Amino acid sequence: LIGLIFFLAACGGQSKEEMVQEGNQLRDQGNFRGAIVLYKSALEKDVNFIAARKELGKAYLSSGDFEKSRNEFRKVLLQNPGETDVMLSLATAYLQNKEPEQALLELDKFTAAHDETAQSLVLYGLAHGAGGDLLSAENFFNKALNLDEKSVEARINLAKIALQRMDFETAKS
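Scope of this entry: the structure provided in the associated data block. (Residues numbered from 1 in each chain as written. Predicted model: local features only at pLDDT ≥ 70, side-chain atom pairs only at ≥ 80, totals over all residues. Heavy atoms only, no water.)

1. With respect to the overall build of the protein
A count of helical and extended segments in the protein gives 11 helices and zero strands. Here the C-alpha coordinates of the protein stretch approximately 60 × 35 × 25 Å along the principal axes. Of all 173 residues assigned to the protein, the portion counted as buried reaches 44%. Each charge class in the protein can be summarised by its mean position, and for the 20 positive and 25 negative side chains these summaries are 4 Å apart. (Helix = DSSP H or I, 4+ residues; strand = E, 2+ residues; numbered from the N terminus. Buried < 20%, exposed > 50% of the residue type's maximum accessible area, 1.4 Å probe, protein only. Lys, Arg positive; Asp, Glu negative; His and termini not counted. Charge placed at Lys NZ, Arg CZ, Asp CG, Glu CD.)

2. Focus: the side chain of Glu106
The residue Glu106 is located in helix H7 (residues 100-113) in this model. If near-sequence neighbours (up to four positions away) are discounted, Glu106 is found in contact with Leu77, Met87, Leu90, Ala91 and Tyr94. (Contact = heavy atoms within 4.5 Å.)

3. Notes on the environment of Asp65
Along the polypeptide, Asp65 turns up in the loop between helix H4 (50-63) and helix H5 (66-79). Taking the C-alpha atoms as reference, Asp65 lies 17 Å from Gln102; in sequence the two are 37 residues apart. Here Lys68 takes part through its backbone nitrogen, which lies 3.4 Å from a polar atom of the side chain of Asp65. (Polar contact = N/O pair within 3.5 Å; in protein donor to acceptor, adjacent residues only side chain to side chain.)

4. A few points about the packing of helix H3 (residues 32-45) against H4
Running from amino to carboxyl end, H3 crosses H4 at an angle of 155 degrees, the nearest separation of the two axes being 9 Å. Taken as axis vectors, H3 and H4 run roughly antiparallel relative to one another. Every pair of crossing elements has a handedness; the one defined by H3 and H4 is left-handed. On H4, the residues touching Phe32, Ile36, Tyr39, Lys40, Ala42 and Leu43 of H3 are Ala52, Arg53, Glu55, Leu56, Ala59, Tyr60, Ser62 and Ser63. Of the residues assigned to the contact of H3 with H4, the class counts are nine nonpolar, two polar and three charged. (Axes fitted to C-alpha atoms, helices over the stretch in contact; angles between N-to-C directions. Parallel < 35°, antiparallel > 145°, perpendicular 65-115°, else oblique. Left-handed = near helix turned anticlockwise from the far one by under 90°. Nonpolar A, V, L, I, M, F, W, Y, C, P; charged D, E, K, R; others polar.)

5. Re helix H10 (residues 152-164)
In this model, H10 (13 residues) spans 18 Å end to end at C-alpha, consistent with the 18 Å of a helix rising 1.5 Å per residue. Considered for burial, the residues of H10 that qualify are Ala154, Asn157, Leu158, Ala159, Ile161 and Ala162. Among the structural elements, helix H8 (118-130), helix H9 (134-147) and helix H11 (168-172) are those in contact with the buried residues of H10. Directly beyond the C-terminal end of H10, a positive phi value near 65 degrees is found at Met166. (Expected span 1.5 Å × (residues − 1).)

6. Overview of a nonpolar patch on the surface
Together, Leu163, Met166 and Phe168 make up an exposed nonpolar region whose accessible area comes to about 330 Å². Of the residues examined, Leu163 reaches a relative accessible area of 42% and is grouped as partly exposed. (Patch = residues over 30% accessible without salt bridge, like charges linked within 9 Å, V, L, I, M, F, W, Y side chains within 5 Å. Areas by Shrake-Rupley, 256 points an atom, 1.4 Å probe, with all protein chains shown as cover. Salt bridge = Lys/Arg side-chain N within 4 Å of Asp/Glu carboxyl O.)

7. Examining H9
With 14 residues, H9 extends 20 Å from end C-alpha to end C-alpha; this agrees with the ideal 20 Å at 1.5 Å per step. Taken residue by residue, H9 has Ala137, Glu138, Phe140, Phe141, Ala144 and Leu145 as its buried positions. Along H9, the residues classed as buried sweep out an arc of 165 degrees about the axis, all on the same side. Residues Leu135, Asn146 and Leu147 are exposed on H9 and point more than 90 degrees away from its buried face. Buried residues in H9 make contact with H8 and H10. (Arc of directions from axis to C-beta.)

8. Comments concerning the layout of surface pockets
The computed volume of the largest pocket comes to approximately 280 Å³. Along the walls of the largest pocket sit 14 residues, with Thr92, Leu95, Gln96, Leu123 and Leu126 positioned nearest its centre. Examining the composition of the lining of the largest pocket, we find that six residues originate from one element, helix H6 (residues 84-96), more than from any other. Of the residues belonging to the lining of the largest pocket, the class tally is seven nonpolar, four polar and three charged. In this structure, the second largest pocket is lined by Glu138, Leu145, Arg155, Leu158, Ala159, Ile161, Ala162, Arg165, Thr170, Ala171 and Ser173. Of the residues belonging to the lining of the second largest pocket, the class tally is six nonpolar, two polar and three charged. (1 Å grid on protein atoms, 1.4 Å probe; cavity = no way out; pocket = protein on both sides within 12 Å on 5 of 7 lines; lining within 4 Å. Points joined across faces, edges and corners; volume = space filled by probe spheres on them.)

Next up, the structure:
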């Protein structure tokens, strides 16, 4: 608590950009609470500072506060609907918050405006898997591998599906 008080006092003379930069450093070190404090402080200086709001959403996502993450990403998209990475981050927050239907809606918005990416296809697969549709999930993971054969996330999720089927050889490969 004392460290946080000194930390906040040091933030007083920083610009909003410097706060975001320092918050990014803290986030990269795994100090999500400190990063969140800095991002919020930057937003106190400018509530429309998209960079701070985006990073705040990412920090909440990394810290496991999926509801707050989701809310920040929604605000970013209201300010700037074309933020591609935020659309995918919002879908991830929905998935982590056990809202696969909302994730699918967000992914549909993404693919309506952008080409499919390996990341978006993996997220589609995760959303379908969370909804119990393993066949669709498997198809999306395979499509992700067709776009990026090095996608570890797609391979791991395909292995998980193979394990559920008790297909140990496929899971192992």
